[in-house]
Amino acid sequence: MVSKRVLSIKPSGIREIFEMATVDAINLGLGELDFEPPKEARDAYKEALDQDRNRYGPTKGIDPLRRLVAGKVQKYRPDITLDNVIITASGTQGTMAAFQTLFEDGDEVLIPEPGFVLYEPDSILSDAVPVPYPLDERFQPDIEAIKERITSHTKGLVVNSPSNPTGAVLTRESFQALKDIAQDHDLWVISDEVYEDYIYSGEHYSFNEIIERAVVLNSFSKSFAVTGWRIGYLTAPLDLVNYISNMQYHLVACPPTPPQFALAKVFQVQEEFIKKVVPIFDKRRKAMVDGLNDIKGFHCHMPEGAFYAFPSYSQKISSRDLARKLVANGVICAPGTAFGERGENHLRFSYAASEGNIANGLAIVKKVVESL
Ligand SMILES: Cc1ncc(COP(=O)(O)O)c(C=O)c1O
């Protein structure tokens, strides 16, 4: 009845938990900000509608927004221009367009495990083989393990920093090692940098630095709290941009027009918004990690970025069963295995939640876990 293609991808392990939740459950599972977008952005969207920006636009996005994005990215690589930029209908769609453009039958794509939920299905839907690589105890990519997995079929290396689900930020050493691997083995780096602005310690290293062999995925979803607007962007080498754009045409024709005009108008507000939000998240991060480390059997590494904590636990229960038990007791979090098998014995908590909800939610987690 349906295609083998759709049957080849698994349903989301996060959705299952959300579907079990009651309306009053404390949500520590959110992958989006618990703030509204800045007022200037909302006003600019309304203005775009009233100024008749309601029609199809260019497949690569409107030039004023592409130019602003290029300006932001130039700090990593000064020769990037608007010609390297494609505005996408979200990071999710940009990821698919990049995978479908680069990979085909027989290609192998190295993906982090635990890692974000798109990389495995997008590889499979591009007829490529996802090859998971492990992370070390600080959730940095295991460089030796990556090297061991490289074959003559390896074409892509997916990197995600700051990471969902681990919150880890690549160190300078990891960044350099990954760049060397890409260079030495002639790989494409697909770098998902959608949490670029959420760094609490360390620094963001961007694969825009090696744009000759990278597609860098980004999004306005998290940086402007506009997950529902479905607007992202990517940067790629000039000779790849037209191919990705051609693929994008067949996926969405063009990214949505009104939010592009809105974001072009208020682009500079982003910096101010992030300056306000990041210290709030930093405080929550500490409350979350302290609370988790206070639970018997739990161990939580301090995440350096994004807004997730990814504790391990020693209790003998699968992460799926534990997450189901927690949601039955009124707390939503994601099972570690939603991010691959190496996520077993972990849970993912989001601190895109008020300090009150973090405290109340973790009190329930402690009670449930310690009574196991
Ligand atoms: C690591 C990562 N990449 C990409 C995305 C996709 O973001 P969007 O499609 O909203 O731009 C997300 C969303 O949660 C994410 O966590």
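A. Structural context of the pairing of strand β7 (residues 214-219). A large share of β7 lies buried, amounting to six of its six residues. Judged by which residues are buried, β7 turns out to be covered on both faces: Ala214, Val216 and Asn218 on one side and Val215, Leu217 and Ser219 on the other are all buried. Of the pairings in the sheet, the one linking strand β6 (residues 188-192) to β7 comprises four bridges and is parallel in character. Residue Ser191 lies in a different strand from β7, and its bridge partner there is Val216. Where β7 lies against strand β8 (residues 232-235), four bridges are found, and the strand directions are antiparallel. Its bridge partner lying in β8, Leu217 is registered against Leu234.

B. Inspection of the side chain of Glu304 at higher detail. Tracing the sequence through the fold places Glu304 in the loop between β9 (298-299) and β10 (308-309). For the buried Glu304, no salt bridge exists, and the shortest N-O distance to an oppositely charged side chain is 5.3 Å, to Arg138. A polar atom in the side chain of Glu304 sits 3.2 Å from the side chain of His301. Not counting chain neighbours up to four residues away, the residues in contact with Glu304 comprise Gly167, Ala168, Val169, Tyr198, Ile199, Tyr200, Ser201 and Arg285.

C. Inspection of unusual backbone geometry at higher detail. In this structure, Pro114 follows Glu113 across a cis peptide bond, with omega equal to 0 degrees. Relative to the helices and strands, Pro114 is located in the loop between β3 (108-112) and α6 (119-125). In this chain, Asn164 is followed by Pro165 through a cis amide linkage whose omega measures 25 degrees. Residue placement: Pro165 occurs in the loop between β5 (154-160) and α8 (172-184).

D. Structural detail: the sheet that holds strand β4 (residues 129-133). Read from one edge to the other, the open sheet built from seven strands follows the order β2-β8-β7-β6-β5-β3-β4, with strand pairing classed as mixed. Bordering the open sheet on either side are β2 (85-88) and β4, each of which pairs with just one other strand. Within this sheet the neighbouring strands show an average axis-to-axis angle of 20 degrees, counted without direction.

E. Highlighting helix α12 (residues 319-328). Among the residues making up α12, those that are buried are Ser319, Leu322, Ala323, Leu326 and Val327. Looking down the long axis of α12, one finds its buried residues gathered within 135 degrees of arc, a one-sided arrangement. Residues of α12 that are buried make contact with α2 (13-20), β11 (312-313), β12 (331-332), β13 (334-335), β14 (347-350) and α13 (355-370). Immediately beyond the C-terminal end of α12, within one or two residues, lies Gly330, with a positive phi of roughly 100 degrees.

F. Expanded view of the site of the ligand. Around the ligand, the structure places 14 residues, and the nearest of them are Thr92, Asp192, Tyr195, Ser219 and Ser221. Between the ligand and the protein, one listed contact pairs an oxygen atom with a side-chain N or O atom of Ser221 at 2.6 Å. In the environment of the ligand, an oxygen atom lies 2.8 Å from a nitrogen or oxygen atom belonging to the side chain of Arg230. Coverage of the ligand by the protein chains reaches 93% of its 400 Å² of free accessible surface.

G. Representation of the packing of α2 against α12 within the structure. Relative orientation of the contacting elements α2 and α12 amounts to 25 degrees, with a least axis distance of 9 Å. Put simply, α2 runs roughly parallel to α12. Remark: the crossing between α2 and α12 carries right-handed chirality. Only Arg320, Ala323, Arg324 and Val327 of α12 make contact with α2, whose side of the interface consists of Glu16, Ile17 and Met20. Partitioned by chemical class, the residues of the contact of α2 with α12 number four nonpolar, no polar and three charged.

H. Representation of the side chain of Lys72. Looking at the secondary structure, you find Lys72 in helix α4 (residues 63-73). On the basis of relative accessible area, Lys72 is assigned to the buried category, the value being 17%. For Lys72, the residues in contact, after removing those within four places along its chain, are Glu196, Asp197, Tyr233, Phe267 and Gln270.

I. Looking closely at the domain arrangement of the protein. When the domains of the protein are assigned, the result is domain 1 (4-37 + 271-370) and domain 2 (53-269). Contacts between the two partners involve 38 residues from domain 1, matched on the other side by 35 residues from domain 2. The interface formed by domain 1 and domain 2 includes two salt bridges. With a shortest N-O distance of 2.5 Å, Arg342 and Glu113 are connected by a salt bridge. Here domain 1 and domain 2 share 19 residue pairs in polar contact (both at pLDDT 80 or more) between them.

J. Highlighting helix α9 (residues 238-252). Taking 1.5 Å of rise per residue, 15 residues should cover 21 Å, and α9 covers 21 Å from first to last C-alpha, within 8% of that figure. Those residues of α9 that sit buried are Leu240, Val241, Ile244, Ser245 and Gln248. Down the axis, α9 shows its buried residues gathered within 135 degrees of arc, on one side only. Opposite the packed face of α9, turned more than 90 degrees from it, sit the exposed residues Asp239, Asn242, Tyr243 and His250. In the core, the buried residues of α9 are packed alongside β2, α5 (91-102), β6, β7 and β8. Note on α9: the residue one or two positions beyond its end, Ala253, has a positive phi of about 65 degrees.

K. Region of the structure containing the environment of Ala89. Position of Ala89 among the secondary structure elements: in the loop between β2 and α5. Ala89 sits in the buried class, given a relative accessible area of 13%. Residues Ala89 and Cys254 lie 165 residues apart in sequence; the distance between their C-alpha atoms is 7.5 Å. Contacts of Ala89, omitting those with residues within four sequence positions, involve Arg230, Ile231, Gly232, Val252, Pro255 and Pro256.

Scoring rules and cut-offs
Residues numbered from 1 in each chain as written. Predicted model: local features only at pLDDT ≥ 70, side-chain atom pairs only at ≥ 80, totals over all residues. Heavy atoms only, no water. Buried < 20%, exposed > 50% of the residue type's maximum accessible area, 1.4 Å probe, protein only. Helix = DSSP H or I, 4+ residues; strand = E, 2+ residues; numbered from the N terminus. Pairing = 2+ DSSP bridges. Lys, Arg positive; Asp, Glu negative; His and termini not counted. Salt bridge = Lys/Arg side-chain N within 4 Å of Asp/Glu carboxyl O. Polar contact = N/O pair within 3.5 Å; in protein donor to acceptor, adjacent residues only side chain to side chain. Contact = heavy atoms within 4.5 Å. Axes fitted to C-alpha atoms, helices over the stretch in contact; angles between N-to-C directions. Arc of directions from axis to C-beta. Near = heavy atom within 4 Å. Areas by Shrake-Rupley, 256 points an atom, 1.4 Å probe, with all protein chains shown as cover. Parallel < 35°, antiparallel > 145°, perpendicular 65-115°, else oblique. Left-handed = near helix turned anticlockwise from the far one by under 90°. Nonpolar A, V, L, I, M, F, W, Y, C, P; charged D, E, K, R; others polar. Domains from an automatic or database assignment. Expected span 1.5 Å × (residues − 1).

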